[in-house]
Amino acid sequence: MKPTPAMSIDVEDWFQVENLRRVIPRDSWPARQLRVERSMDRMLQLMADFGVRSTCFVLGSIAERTPQLVRRIADAGHEVASHGYDHGLIHESDRASFRTDVERSKALLEEISDRPVRGYRAPSFSVTDWALPILQGAGYEYDSSHFPTTIGHSRYGRPSVLHKTRPLTSHAGLVEVSLSCLPIGAHALPWAGGGYFRLIPYPAFRAGVRRIIDSGSPYVFYIHPWELDTGQPRVSGLKRSERMRHYLGIERAEARWTSLLRDFRWGTIAELVKRDAPPFLLPAIDVALTGVVGGERQPRVTVALE
Ligand SMILES: [Zn+2]
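Now for a quick tour of the structure.

The rules behind these values
The numbering scheme is per chain: residues are counted from 1 as the chain's sequence reads. Note on the predicted model: pLDDT of at least 70 is required for a residue's local features to be given, and 80 or more for side-chain atom pairs to be given and counted; whole-chain, interface and lining totals, by contrast, use all residues. Runs of E in the DSSP output that reach at least two residues are strands. Runs of H or I that reach at least four are helices, and both are numbered from the N terminus. In this scheme every C-beta is placed from the backbone, and a residue whose C-beta has 20 or more other C-beta atoms within 10 Å is buried, one with 12 or fewer is exposed, and one in between is partly exposed. Contact between two residues is assigned when their C-beta atoms, built from the backbone, lie within 7 Å. Along the arc lie the directions from the helix axis toward the C-beta atoms. Structural elements are reduced to axes, namely lines fitted to C-alpha atoms, with helices fitted over the stretch in contact, and the angle between N-to-C directions of any two is expressed from 0 to 180 degrees. Comment on the angle field: the value is read as roughly parallel under 35 degrees, roughly antiparallel over 145, roughly perpendicular from 65 to 115, and oblique elsewhere. Two helices crossing with the near one rotated counterclockwise from the far one by less than a right angle form a left-handed crossing, whereas a clockwise rotation gives a right-handed crossing. Residues are grouped as follows: Ala, Val, Leu, Ile, Met, Phe, Trp, Tyr, Cys and Pro are nonpolar; Asp, Glu, Lys and Arg are charged; every other residue, Gly included, is polar. Here a nonpolar core is just a set of buried residues of the types Ala, Val, Leu, Ile, Met, Phe, Trp, Tyr and Cys, joined wherever their C-beta atoms sit within 7 Å. Between the first and last residue of a helix there are one fewer steps than residues, each counted as 1.5 Å, and that sum is the expected span. Following DSSP output, two strands are said to pair if at least two bridges run between them. The crossover handedness rule: strands pointing away from the viewer, path from first strand over the helix to second strand clockwise, crossover right-handed.

## Focus on the overall build of the protein
Okay, so step 1: The helix and strand inventory of the protein stands at 11 helices and 10 strands.
Okay, so step 2: The buried share among the 306 residues of the protein stands at 49%.
Okay, so step 3: A separation threshold of at least 6 residues defines the contact pool for the protein, and within that pool the share at least 24 residues apart is 81%.

## So, unusual backbone geometry
Okay, so step 1: The backbone of D114 sits at a positive phi, close to 60°, despite the residue not being glycine.
Okay, so step 2: Checked against the element boundaries, D114 lands in the loop between α4 (95-113) and β4 (119-120).

## Overview of helix α3 (residues 67-75)
Okay, so step 1: Considered for burial, the residues of α3 that qualify are L69, V70 and I73. One face of α3 carries all of its buried residues, which in axial projection span an arc of 100°. Of the exposed residues in α3, those oriented more than 90 degrees away from the buried face are Q68 and D75.
Okay, so step 2: At its buried positions, α3 is contacted by α1 (36-49), β2 (55-58), α2 (60-65), β3 (79-82) and α4.

## So, the packing of α3 against α4
If you want to describe how two helices pack, look at the angle between their axes and the distance between the axes.
Okay, so step 1: Contact geometry of α3 with α4 gives a least axis separation of 9 Å together with a crossing angle of 70°. The angle between α3 and α4 places the two elements in the roughly perpendicular class. Considering how the two elements wind past one another, α3 and α4 form a crossing that is right-handed. Residues P67, V70, R71 and A74 of α3 touch α4, and the partners they reach there are L109, I112 and S113.
Okay, so step 2: A per-class count over the contact of α3 with α4 returns 5 nonpolar, 1 polar and 1 charged.

## Let's talk about the nonpolar core
Okay, so step 1: In this structure, V11, V58, L135 and V220 are the most contacted members of the largest nonpolar core, which totals 70 residues.
Okay, so step 2: Aside from chain neighbours lying at most four places away, what touches V220 is A6, S8, S144, V177, L179, S180, A192 and I269.

## Quick notes on the environment of R115
Okay, so step 1: In this fold, R115 is placed in the loop between α4 and β4.
Okay, so step 2: Classification of R115 as partly exposed rests on a count of 13 C-beta atoms within 10 Å.
Okay, so step 3: Sequence separation between R115 and A81 is 34 residues, and the spatial gap between their C-alpha atoms is 9.8 Å.
Okay, so step 4: The residues touching R115, leaving out its near neighbours within four places in the chain, are A74, V80 and E110.

## Here we look at α4
Okay, so step 1: Given a rise of 1.5 Å per residue, 19 residues ought to cover 27 Å, and the 27 Å separating the end C-alpha atoms of α4 matches this to within 8%.
Okay, so step 2: For α4, the set of buried residues is F98, D101, V102, S105, K106, L108, L109, I112 and S113. The arc that holds every buried residue of α4, seen down its axis, measures 165°, which confines them to one face. Exposed side of α4, more than 90 degrees from the buried face: A96 and E111 are the residues found there.
Okay, so step 3: Where α4 is buried, its residues meet β2, α2, α3, β3, β4 and α5 (131-137).
Okay, so step 4: A positive backbone phi angle near 60° is found at D114, which sits one or two residues after α4.

## Quick word on the pairing of strand β1 (residues 6-11)
Taken residue by residue, a regular strand's side chains alternate between the two faces of the sheet.
Okay, so step 1: With 6 of its 6 residues buried, β1 lies for the most part within the structure.
Okay, so step 2: Judged by which residues are buried, β1 turns out to be covered on both faces: A6, S8 and D10 on one side and M7, I9 and V11 on the other are all buried.
Okay, so step 3: Pairing geometry for β1 and strand β10 (residues 220-223), over 4 bridges, is parallel. Bridge pairing in β10 places A6 opposite V220.
Okay, so step 4: The pairing of β1 with β2 spans 4 bridges and is parallel. The residue bridging S8 from the neighbouring strand is T55, located in β2.
Okay, so step 5: Following the backbone out of β1, through α1 and into the adjacent parallel β2, one traces a crossover that is right-handed.

Structure, rendered in structure tokens:
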């Protein structure tokens with residue numbers, strides 16, 4: 001049987017993104033008015049309309065400001081997972097700060113939702129080798145931060161312990177659930193959401209998703225509430241690439257996402273790991289060992305859509 005595709009949402013607000021980092025200082029975040037609750041409620045309604053359940057990777061600092069939203073997500077049957085506490089990139093952090101971040105966000109989300117938090121997704125997919133054993137030690141069962149694309153990406157982590165293209169890997173008890181890529185020729189294109197989803201004509205995107213699913217491979221999609229928020233403030237002073245990545249195709253994102261909800265049967269990542277992972281899981285190298293042996297690799301820095 002083919003694995004059920006997994007829908008995931010990174011629950012953060014429009015200003016908490018790397019593309020706006022140069023013009024929106026982090027210390028201004030706490031005073032900013034939130035728009036995420038309204039956008040997320042719209043998404044919850046759309047998912048209810050199509051009977052879709054998803055995994056919601058909630059940012060800890062958002063959960064603190066909108067605990068009622070976290071409860072609504074959980075009560076609607078979605079999986080609450082962690083997007084860390086304050087959206088710091090892992091490769092700009094250190095081990096001790098990262099451990100504090102992932103332990104704090106997990107405890108906070110479990111307290112608010114009254115359910116166990118099993119999964120983690122790194123801000124901007126910035127996962128590193130050394131982060132994996134820390135996640136496992138903090139009690140996470142899976143990580144969904146690896147983007148095994150062959151196209152160079154700024155900020156994306158490239159853990160050496162993970163298989164370059166395999167969609168699911170287990171290592172020392174932690175399951176890595178990769179974001180999906182579409183093989184085209186010698187390349188694996190990001191085919192999981194973000195700017196690509198908003199840019200590529202929908203029928204072509206859907207055909208790619210079908211191809212991945214028909215191949216028997218697990219499929220994982222991701223989106224953010226701000227991608228559907230056409231009323232968000234337009235920030236000036238951005239570079240062209242930053243503006244494109246953040247705003248490109250925002251006006252058609254809701255219609256496209258609605259079509260995607262309608263066109264496939266979706267489940268959560270926890271279900272994918274529990275029910276569908278075993279046939280795919282092949283042990284990787286023990287991360288506890290390679291965390292030392294492999295050292296800390298920095299991601300390649302290039303420009304791409306996110
Ligand atoms: Zn994020």
